Amino acid sequence: MQIELHNVHKTYTGAQPLHVLKGIDLSIDKGEFVSIMGASGSGKSTLLNILGILDKYDEGEYLIDGKLIRDLSEAQAAEYRNRLIGFIFQSFNLISFKNAVENVELPLFYQGVPRRQRHEQAMAMLERVGLTDWAEHYPNEMSGGQKQRVAIARALVTYPKIILADEPTGALDSRTSAEVMELLAHINEKYGATLIIVTHESGVANYTNRIIHINDGVIGSIDDNREHKSSVFGSRTIMK
Amino acid sequence: MRFDIDSCNEILDSLLRNKRRSLLTGFGIFWGLFMLLFMLGGGDGLKAMLEKNFDGFATNTTILASDLTSKPYKGFKEGRYWNLSVDDIDRLRMMVPELRDITPVISLWGQTAINGENTVSGHMKGVGSSQVNIEAPKLKYGRFINDIDVMQYRKVCVIGKRIYTSLFPDGGDPCGSFIRVGSVYFKVIGVDYNSSKVSINGTADEAITIPFSVAQTLYHMGDNIHLICMTGKSGVQMSTLEKRIRQVMARQHQFDPTDEQAMFVLNTEQMFAIMDNLFKGVNFLIWLVGLGTLFAGAIGVSNIMMVTVKERTTEIGIRRAIGATPVEILSQILAESILLTIVAGFLSIMFSVMLLNGLEAAIHNGISFQISFGTAVSATLLLVILGAAAGLAPALRAMRIKPVEAMHDE
């Protein structure tokens, strides 16, 4: 098992403490293509944050490749994120004053990769997402689908073991959503990276091989979806 | 924390691709430093301009003049007049060994000097050779009165700039020619171009200076002289000698040593001290206002950087999410602040130097308004410190931004 969670709890402290995750047990294998579904407030984003070492958990154990991820310093967490995990966000989160290729280069910059090599790798990755011609364009000159593809290239450029996507199609229309999902499925297939997608759209979840339903802080059910038949609208369609 | 071409590029990119923000931020520093440097240069120039008026005048001079007594003493009634005498020179030299130069002055006001058809009015003064140590002449031609002129009663004179230009309109070296003052011909031996506004008996411009022994005999002065000018040996404060000088003079001329009115004593030291204090005050104000403006600029930078950090929360969050450590974020914001401050500061230094140069050219009297190289170097050091200080609070704030915040911000 590549990712293992044992009885993970998370409470947000505040005026009114909020018990968000109430004991999550989950294991995901290397190279799996998994989606986490749930209504808003169910704790799916919190779970993703913990998986991405962006947030800390209060109780339980989280292991990546058998290594316990717990009480890391900010610098260590940054190192793990940089080396192990690629992020894809709902709102793309590209840096607006950097063009596409510079955005893709950024994780390599923090790894200390020399400039020339960085540029080559980033260009290669942009080619894979079909955006070679758009390398010099700034985010505000691109469509939503193109921006998300840049973001995917950025997440992939370090060849991370795990890619986490938080509502990757949330800001896209149905056709572009389908394109992005096709791309993600292709990446999973071709590079074997573990791909975990948080979504509330059944059509999106239907692209994945396993659907984890999370409900009020606990895991409700886990569906095997290798047949891609979970969506009532049929496979490979996304209704918006 | 790394520091290489790559991180420099990253910093430059952030600043250059947000030009307006960078420009606004830098302007505070630019203006603050400009105020400080321009005022410093201008203040120095002003000081030099004023100091020119005192040029060549010894700052530790004491001048004595006799006046009516105001107290009865040893059977004399008050209101008696007495005269300084040539003997007083030797007397003071003996009794007050701290004095260096003691020289008599005889003043003859309202004289008319004539050279051929040219006439000019001026004033005559008879002086000793050591007068040069009190009012340093700036000789354009010839020499000053010396001891032999005094001893041999030579009818020679040193003339001021205005006398020279009026009597010798064609210019040239006038030494050796004769000018007539009253009914006596004097041989010109020097031309004094000093334009100092502080001098004994009228401006140096209009002075016809002759040996005092000549003035004594020609104008029937007897042993009487008008003024005694003195300077102290180095390190001697003239004000501390005043009481002893009074006692020496009072005993000889039989007036009450406590009678302040009987003898007028002018201490230039005090005058110059007032001037000095004035300029210290002006300088203090310049630094106060200049540094104040500069600090206001730095606080402005800090403020705008703070807003910038807030604005860049998402960007910083993204950077953190994809692997930037907190220290990398801290050093980036700090470096941005320092770079911005230094660039704005250098532009400001260049602008100040340029403007001061222009001012110098416009005033055109050989006075330097320019700031010194040392001032520029210390200003640069100050800028680095200010930039770091201004960037610190925003950088610490940026460091605390959690990567999760990138995703919450739409």
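Residues numbered from 1 in each chain as written. Chains lettered and ligands numbered in written order. Predicted model: local features only at pLDDT ≥ 70, side-chain atom pairs only at ≥ 80, totals over all residues. Heavy atoms only, no water.

## Points about the overall build of chain A
Each helix and strand counted, chain A has seven helices and ten strands in total. Expressed as a percentage of the 240 residues in chain A, the buried residues total 55%. As presented, chain A carries roughly 10,400 Å² of accessible surface, and 47% of it is formed by carbon and sulfur atoms. (Helix = DSSP H or I, 4+ residues; strand = E, 2+ residues; numbered from the N terminus. Buried < 20%, exposed > 50% of the residue type's maximum accessible area, 1.4 Å probe, protein only. Areas by Shrake-Rupley, 256 points an atom, 1.4 Å probe, with all protein chains shown as cover.)

## Considerations on the sheet that holds strand 1 (residues 3–12) of chain A
Residue and element names in this part refer to chain A. The four strands lie next to each other as 2-1-4-5, forming an open sheet whose pairing is antiparallel. Of all strands in the sheet, those bounded by a partner on one side alone are strand 2 (18–28) and strand 5 (67–68). Bridge analysis of strand 1 against strand 2 gives eight bridges, and the strand direction is antiparallel. Bridging across to strand 2, Lys10 finds its partner in Leu21. (Pairing = 2+ DSSP bridges.)

## Digging into the environment of B:Ser213
All names here are of chain B. Within the secondary structure, Ser213 sits in helix 6 (residues 212–218). Separated by 59 residues in sequence, Ser213 and Arg154 place their C-alpha atoms 8.7 Å apart. Ignoring sequence-local partners within four residues, the contact set of Ser213 consists of Asp149, Val150 and Tyr153. (Contact = heavy atoms within 4.5 Å.)

## Some points on helix 11 (residues 373–399) of chain B
Residues and elements named next belong to chain B. Taking 1.5 Å of rise per residue, the 27 residues of helix 11 would be expected to cover 39 Å, and the 38 Å separating its terminal C-alpha atoms lies within 8% of that figure. The sharpest bend along helix 11 comes to roughly 40°, located at Leu392, with the proline Pro394 sitting one to four residues further on. Listed in full, the buried residues belonging to helix 11 are Ala376, Ala379, Leu383, Leu386, Gly387, Ala390, Gly391, Pro394, Ala395 and Ala398. Contacts from the buried residues of helix 11 go to helix 2 (19–52), helix 8 (268–311), helix 9 (313–321) and helix 10 (326–363). (Expected span 1.5 Å × (residues − 1). Bend = angle between axes of the 7 residues up to and from the residue.)

## Some points on the sheet that holds strand 10 (residues 218–224) of chain A
Residues and elements named next belong to chain A. The strand order across the open sheet built from six strands is 6-7-8-3-9-10, with neighbouring strands paired in mixed fashion. For this open sheet the edge positions go to strand 6 (85–88) and strand 10, each flanked by a neighbour on one side alone. Taking the axes of each pair of neighbouring strands and ignoring which way they run, one obtains an average angle of 20° across the sheet. As paired elements, strand 3 (residues 33–37) and strand 9 (residues 210–215) share four bridges and run parallel to each other. Bridging from a neighbouring strand, Ser35 pairs with Ile211 of strand 9. Sitting on the sheet, helix 5 (residues 144–156) is in contact with strand 6 and strand 7 (162–166), with an inclination near 170° to strand 6. (Axes fitted to C-alpha atoms, helices over the stretch in contact; angles between N-to-C directions.)

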